[in-house]
Amino acid sequence: MTITFPGPLHVGEGEAGHWQYHARTLGMSRPLLVTGALLRESAMFAHLFGDPPDGPCRVTDSHEPTFGGAVAGADQYRDEGCDGIVAFGGGGRLDLAKVIRALVQYDADDLLARFFDEGGVVPMPKTQIPLLCLPTTAGSGSEVSRGAVIYDQTTGRKRLLAGPGMVATASILDPLVLKAMPVTLRAITTIDAFSHALEVLASTGSHPLAVPLARQAASTIIRWSRPFITATEWDESFGAEGARELMLASSMAAMGFAKGLGLAHALAHGIGSVTDVPHGYAIGIVLPHVIQYNDDKSRGLDAYVSVSLEMTSQLGWIQTSHGAGAVISDWIRRLFSYAHLEARLSDVGVTVEQLPAIVQCAMKDHCLRTTPVPCDENDVMNVLGRAF
């Protein structure tokens, strides 16, 4: 067994303002800055990096990073004479930066053959090209994970590149960057982080550190999710402390990815491959239906029982006769309602005609390897149909 730890996590209010110091510490003098189009226009970006930024910048405007975009980013890295990468954004931007780093060292055709669902692992030394990640959400955990999910145009689906060489060299968790997040983004990223903890706990994989990390992550997210989503301003009910705890919880949950995820992520990857629905939104819609499927087929999972007991203890709820899975699903739907989000795929632009393609992508997804309840194509379509 190989256990890969993330690089240093620099945690604290205002820590993002010291990114240049951390970049220099890692040996960067001319980093490529990778970010998203909306963040590029934000006051926070201008405050941290300048307007225009002092150095080469790769800006992407798509919801999901693409392999073709990563190839272009690697070309820019070489053309600009860069010596490292700084990634500023949500999970998509951080994953894009990881793949750009890999493509600087590997030929694109060689890297395509190393996708996890083809049996490959990227054997890239961690220190060869430094990567500093500054996540702007508390959801993806990409800043500590040993993989990157990216849309591959050659197959028309989201795929995983994984291995020790995909881990960021260092990351900065600054709770102040969450302050400007809109309520919808707060909700879907919080649910995404929770789904990581829940699916890691329920997965059939094995990793000695994943379970305690996922349990603590789930407990923290349950504690702080509602104050975070509903806060109109930072006060005694929610502030830098809660934001810091949620960012750490997101990172802790992602450290358990090596144990594996499950059907909810396979479906969300399929939805993201076929539609423009953001990953966290897709997770929030399908997760209650995946929980119901697993409960129906297994007569209850230990992971659901432990998490539901944590919920009832923290929130003062009464455990109902409907079971542990129903408690968790009800909590997820409440988070959606706090942000006034639609809870069905048909309400966010997914069409009936797209469902078969989503199922086909899900059936090929790496997350199905460790889903706790086996499922075939008909099962996956039934779960997707309930979410539709």
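Small disclaimer: the values here were computed from a predicted structure and weren't measured. (Residues numbered from 1 in each chain as written. Predicted model: local features only at pLDDT ≥ 70, side-chain atom pairs only at ≥ 80, totals over all residues. Heavy atoms only, no water.)

### A few points about the overall build of the chain
Thinking step 1. A count of helices and strands for the chain gives 15 helices and eight strands.
Thinking step 2. In terms of overall size, the chain behaves like a compact globule, its C-alpha atoms giving a radius of gyration of 20 Å where 388 residues would be expected to give roughly 21 Å.
Thinking step 3. Viewed in the frame of its principal axes, the chain has a C-alpha envelope of about 60 × 50 × 40 Å.
Thinking step 4. Contacts in the chain between residues at least 24 apart in sequence constitute 78% of all its contacts with a sequence separation of at least 6.
Thinking step 5. Here the chain has roughly 15,400 Å² of accessible surface; of this, 51% comes from carbon and sulfur atoms.
Thinking step 6. Once the 29 positive and 40 negative side-chain charges of the chain are each reduced to a mean point, those two points are 4 Å apart. (Helix = DSSP H or I, 4+ residues; strand = E, 2+ residues; numbered from the N terminus. Rg over C-alpha atoms; globule rule 2.2 N^0.38 Å. Contact = heavy atoms within 4.5 Å. Areas by Shrake-Rupley, 256 points an atom, 1.4 Å probe, with all protein chains shown as cover. Lys, Arg positive; Asp, Glu negative; His and termini not counted. Charge placed at Lys NZ, Arg CZ, Asp CG, Glu CD.)

### A short note on the environment of Cys 361
Thinking step 1. Of note, Cys 361 is situated in helix H14 (residues 355-363).
Thinking step 2. Residues Cys 361 and His 269, spaced 92 residues apart in sequence, show a C-alpha to C-alpha distance of 7.5 Å.
Thinking step 3. Ignoring any residue separated from it by four or fewer positions in sequence, one finds Cys 361 in contact with Gly 156, Arg 157, Gly 270, Ser 273 and Val 274.

### Thoughts on the layout of surface pockets
Thinking step 1. Size it by volume and the second largest pocket reaches roughly 320 Å³.
Thinking step 2. Forming the walls of the second largest pocket are 18 residues, and the residues nearest its centre are Trp 19, Gln 20, Pro 31, Asp 54 and Gly 55.
Thinking step 3. Of all the secondary structure elements, the ones that give two or more residues to the lining of the second largest pocket are helix H1 (19-25), strand S2 (32-36) and helix H3 (43-49).
Thinking step 4. Among the elements that take part in the lining of the second largest pocket, H1 stands out by supplying four residues, more than any other.
Thinking step 5. Tallied by class, residues from the lining of the second largest pocket come to twelve nonpolar, three polar and three charged. (1 Å grid on protein atoms, 1.4 Å probe; cavity = no way out; pocket = protein on both sides within 12 Å on 5 of 7 lines; lining within 4 Å. Points joined across faces, edges and corners; volume = space filled by probe spheres on them. Nonpolar A, V, L, I, M, F, W, Y, C, P; charged D, E, K, R; others polar.)

### Here's the deal with the sheet that holds strand S4 (residues 85-89)
Thinking step 1. Judged by pairing direction, the sheet is parallel, and its six strands sit side by side in the order S1-S8-S5-S4-S2-S3 without closing on themselves. Of all strands in the sheet, those with a lone pairing partner are strand S1 (9-11) and strand S3 (57-60), marking the two edges. Recorded for the sheet is a direction-independent mean angle of 15 degrees between the axes of neighbouring strands.
Thinking step 2. Bridge count for S1 against strand S8 (residues 170-173) is three bridges, and the pairing is parallel. (Pairing = 2+ DSSP bridges. Axes fitted to C-alpha atoms, helices over the stretch in contact; angles between N-to-C directions.)

### Here's the deal with the packing of aromatic side chains
Thinking step 1. Counted under the stated rule, the structure contains six aromatic pairs.
Thinking step 2. With 6.2 Å between their ring centres and 55 degrees between their planes, Phe 45 and Phe 88 make a pair best called tilted. In this pair, Phe 45 is assigned in helix H3 and Phe 88 in strand S4, connecting sequence segments 43 residues apart. For the pair shown, Phe 45 and Phe 88 are each scored as buried.
Thinking step 3. Both rings, one in Phe 49 and one in Phe 88, keep their centres 5.1 Å apart while their planes meet at 65 degrees; by these two values the pair is edge-to-face. (Phe/Tyr/Trp six-rings, centres within 6.5 Å; stacked < 30°, edge-to-face > 60°. Buried < 20%, exposed > 50% of the residue type's maximum accessible area, 1.4 Å probe, protein only.)

### Regarding helix H4 (residues 67-79)
Thinking step 1. Over its 13 residues, H4 runs 18 Å from end to end, which matches the ideal 18 Å to within 8%, given 1.5 Å per residue.
Thinking step 2. The elements touched by buried residues of H4 are S2, S3, S4, helix H5 (91-105), helix H6 (108-112) and strand S6 (147-152).
Thinking step 3. Positive backbone phi, at 65 degrees, marks Gly 81, one or two positions downstream of H4. (Expected span 1.5 Å × (residues − 1).)

### Things to note about unusual backbone geometry
Thinking step 1. With an omega of 5 degrees, the peptide bond running from Asp 51 to Pro 52 counts as cis.
Thinking step 2. Within the secondary structure, Pro 52 is located in the loop between H3 and S3.
Thinking step 3. Residues other than glycine seldom take positive phi values, yet His 340 does so here, at roughly 55 degrees.
Thinking step 4. Take His 340: it is sitting in the loop between helix H13 (324-338) and H14.

### Overview of the environment of Pro 182
Thinking step 1. For Pro 182, the location among the structural elements is in the loop between S8 and helix H7 (183-202).
Thinking step 2. According to the relative accessible area criterion, Pro 182 is partly exposed, its value standing at 46%.
Thinking step 3. For Pro 182 and Ile 229, which are 47 residues apart along the polypeptide, the C-alpha to C-alpha distance reads 8.8 Å.

### A short note on the pattern of salt bridges
Thinking step 1. Applying the stated criterion to the full structure yields six salt bridges.
Thinking step 2. For Glu 80, the salt bridge is made with Arg 30, and the minimal N-O distance between the two is 2.9 Å. You can see Glu 80 sitting in the loop between H4 and S4 and its partner Arg 30 sitting in the loop between H1 and S2, a full 50 residues away along the chain.
Thinking step 3. For Arg 30, a relative accessible area of 35% puts it in the partly exposed group. (Salt bridge = Lys/Arg side-chain N within 4 Å of Asp/Glu carboxyl O.)

### Topic: the pairing of strand S7 (residues 157-162)
Thinking step 1. Counting buried positions along S7 gives six out of six residues, so the element sits mostly inside the fold.
Thinking step 2. Burial along S7 is two-sided: Arg 157, Arg 159 and Leu 161 facing one way and Lys 158, Leu 160 and Ala 162 facing the other are all buried.
Thinking step 3. Both S6 and S7 contribute to a ladder of six bridges, which runs antiparallel. Across the sheet, the residue bridging to Ala 148 is Leu 161, located in S7.
Thinking step 4. Here S6 folds back onto S7 in antiparallel fashion, the turn holding four residues, of which Gly 156 has a positive phi close to 75 degrees.

### Points about the packing of helix H10 (residues 263-274) against helix H15 (residues 377-387)
Thinking step 1. Relative to each other, H10 and H15 sit at 75 degrees, their axes nearing to 12 Å. Taken together, the axes of H10 and H15 lie roughly perpendicular to each other. Contact residues: H10 offers Leu 263, Leu 267 and Ile 271, while H15 offers Val 380, Val 383 and Leu 384.
Thinking step 2. Tallied by class, residues from the contact of H10 with H15 come to six nonpolar, no polar and no charged. (Parallel < 35°, antiparallel > 145°, perpendicular 65-115°, else oblique.)

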